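What follows is each chain in one-letter form.
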Amino acid sequence: LVVALGAGALTAPFASFAQQNGKVARVGILVVGIPDPAPFLKPFREKLHELGYVEGQNMLIEFRSAEGKPDRLPALAAELVAQKVDVIVGFQTPTVVAAKNATSEIPIVMSPAADPIAIGLIASLARPGGNVTGVSSATAEIGPKLLELIRDILPGARRVAVLANANDPFHKSFLQHIQVGARTLGIAIRTILLRGTEELNASFVEMEKARPEAIIVQPSLPLNRAAELALKHRLPAFAPSPGFPEMGGLMS
């Protein structure tokens with residue numbers, strides 16, 4: 001939804017840059033891992049088409065996915081830089097961080113990134129500075145609302161586990177906001193910090209011992225696999241990502 005609403009903002013800098021240079025434009029797209037990239041790419045292509053850019057004619061897309069393995073992002077970002085793309089579009093915070101570490105010259109578009117000021121991606125929302133612009137998401141602020149939804153559906157819930165992504169700098173802000181909401185609602189939070197996607201299976205085994213009544217999953221983790229495991233272990237799963245219920249999660 002954020003990508004669809006922000007398509008114009010995301011494509012405008014790229015379109016302007018390409019038009020000024022009068023050449024075949026090359027756009028790099030970097031993602032952590034999306035089960036189906038179509039909902040992400042479709043509005044992007046449509047808006048570019050409205051601006052006069054047609055893939056295969058005057059515009060080329062270099063799509064790179066880390067396939068759910070964040071440690072691959074630096075190499076993929078470097079690969080896009082080596083391809084001399086005109087712009088890099090990063091979906092979710094870890095991709096934007098990887099792109100920013102790879103280049104200070106190629107324009108980078110967040111689509112979106114969470115808490116980009118605190119993470120150091122931009123100087124401010126009004127004047128981002130540097131080579132990064134785009135859309136900032138409100139995922140951190142949504143954390144307490146997720147706890148309210150859990151309490152609405154499960155009135156007796158007192159223990160909630162949070163699966164957080166250690167490879168995503170945003171996880172600190174994400175967890176801080178959840179803890180604030182938890183104190184207000186009287187909910188005990190058990191944080192499980194994952195340093196690799198291979199730890200996902202073990203995290204659910206660990207949760208069986210803690211016996212939480214619900215779980216919250218950080219969006220930059222492999223949501224599809226997390227939803228599958230939540231169903232297998234019969235745990236109500238929540239995530240601030242629009243497609244999560246379609247994957248098998250309970251609510252977003």
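What this report covers is the structure whose coordinates are included nearby. Note that the structure is predicted; figures quoted are calculated from it, not measured.

Some words on the overall build of the chain
Part 1 of the argument: Check the secondary structure of the chain and you find 11 helices and nine strands.
Part 2 of the argument: Considering the chain as a whole, with its 252 residues, one finds that 47% of them fall into the buried category.
Part 3 of the argument: Across the chain, contacts joining residues at least 24 apart in sequence account for 62% of those joining residues at least 6 apart.
Part 4 of the argument: Within the structure as shown, the chain displays about 11900 Å² of accessible surface, and the carbon and sulfur contribution to it stands at 53%.

Section: the pairing of strand S7 (residues 188-194)
Part 1 of the argument: Judged from the seven bridges that link them, strand S6 (residues 159-165) and S7 form a sheet pairing that is parallel. Directly across from Arg159, in S7, lies its bridge partner Ala188.

Observations regarding helix H8 (residues 171-185)
Part 1 of the argument: The end-to-end C-alpha distance of H8 is 21 Å, a good match for the 21 Å that 15 residues give at a rise of 1.5 Å each.
Part 2 of the argument: Turning to H8, its buried residues are His171, Ser173, Phe174, Leu175, Ile178, Gly181 and Ala182.
Part 3 of the argument: A positive phi of about 70° marks Gly186, the residue just after H8.

Here's the deal with the sheet that holds strand S8 (residues 214-217)
Part 1 of the argument: Ordered in space as S7-S6-S8-S9, the four strands form an open sheet in which the pairing is parallel. Of all strands in the sheet, those with a lone pairing partner are S7 and strand S9 (237-238), marking the two edges.
Part 2 of the argument: Of the pairings in the sheet, the one linking S8 to S9 comprises two bridges and is parallel in character. If you follow Ile216 over to S9, its bridge partner there is Phe238.
Part 3 of the argument: Each of S6, S7 and S8 is contacted by helix H9 (residues 200-210), which is oriented at about 160° to S7, the strand it contacts most.

Some words on the sheet that holds strand S2 (residues 59-65)
Part 1 of the argument: Reading across from one edge, S2-S1-S3-S4-S5 is the order of the five strands in this open sheet, with parallel pairing throughout. A single partner strand is all that each edge strand has here, and the edge strands are S2 and strand S5 (132-137). Pairwise comparison of adjacent strand axes, ignoring direction, gives a mean angle of 20° for this sheet.
Part 2 of the argument: Summarising the sheet, strand S4 (residues 108-114) and S5 pair through five bridges and their orientation is parallel. Bridging across to S5, Ala113 finds its partner in Ser136.
Part 3 of the argument: Seen against the sheet, helix H5 (residues 93-102) touches strand S1 (25-31), strand S3 (87-91), S4 and S5 and runs at an angle of roughly 145° to S4.

Observations concerning the packing of H9 against helix H10 (residues 223-232)
Working note: a packed helix pair is described by the angle between its axes plus the distance between those axes.
Part 1 of the argument: As a packed pair, H9 and H10 sit with axes 10 Å apart at the nearest point and diverge in direction by 30°. Note that H9 runs across H10; the crossing there is right-handed. Residues Leu200, Asn201 and Phe204 of H9 pack against Arg225, Ala226, Leu229 and Ala230 of H10.
Part 2 of the argument: Tallied by class, residues from the contact of H9 with H10 come to five nonpolar, one polar and one charged.

Some points on the nonpolar core
Part 1 of the argument: Formed by 20 residues in total, the largest nonpolar core has its most connected members in Ile88, Val96, Met110 and Leu121.
Part 2 of the argument: Taken together, the elements giving at least two residues each to this core come down to helix H4 (73-82), H5 and S4.
Part 3 of the argument: Core analysis: the second largest hydrophobic core is formed by 19 residues, Ala161, Leu194, Leu200 and Val217 among them.

Definitions and limits used
Residues numbered from 1 in each chain as written. Predicted model: local features only at pLDDT ≥ 70, side-chain atom pairs only at ≥ 80, totals over all residues. Heavy atoms only, no water. Helix = DSSP H or I, 4+ residues; strand = E, 2+ residues; numbered from the N terminus. Buried < 20%, exposed > 50% of the residue type's maximum accessible area, 1.4 Å probe, protein only. Contact = heavy atoms within 4.5 Å. Areas by Shrake-Rupley, 256 points an atom, 1.4 Å probe, with all protein chains shown as cover. Pairing = 2+ DSSP bridges. Expected span 1.5 Å × (residues − 1). Axes fitted to C-alpha atoms, helices over the stretch in contact; angles between N-to-C directions. Left-handed = near helix turned anticlockwise from the far one by under 90°. Nonpolar A, V, L, I, M, F, W, Y, C, P; charged D, E, K, R; others polar. Core = buried A, V, L, I, M, F, W, Y, C linked by side-chain atoms within 4.5 Å.

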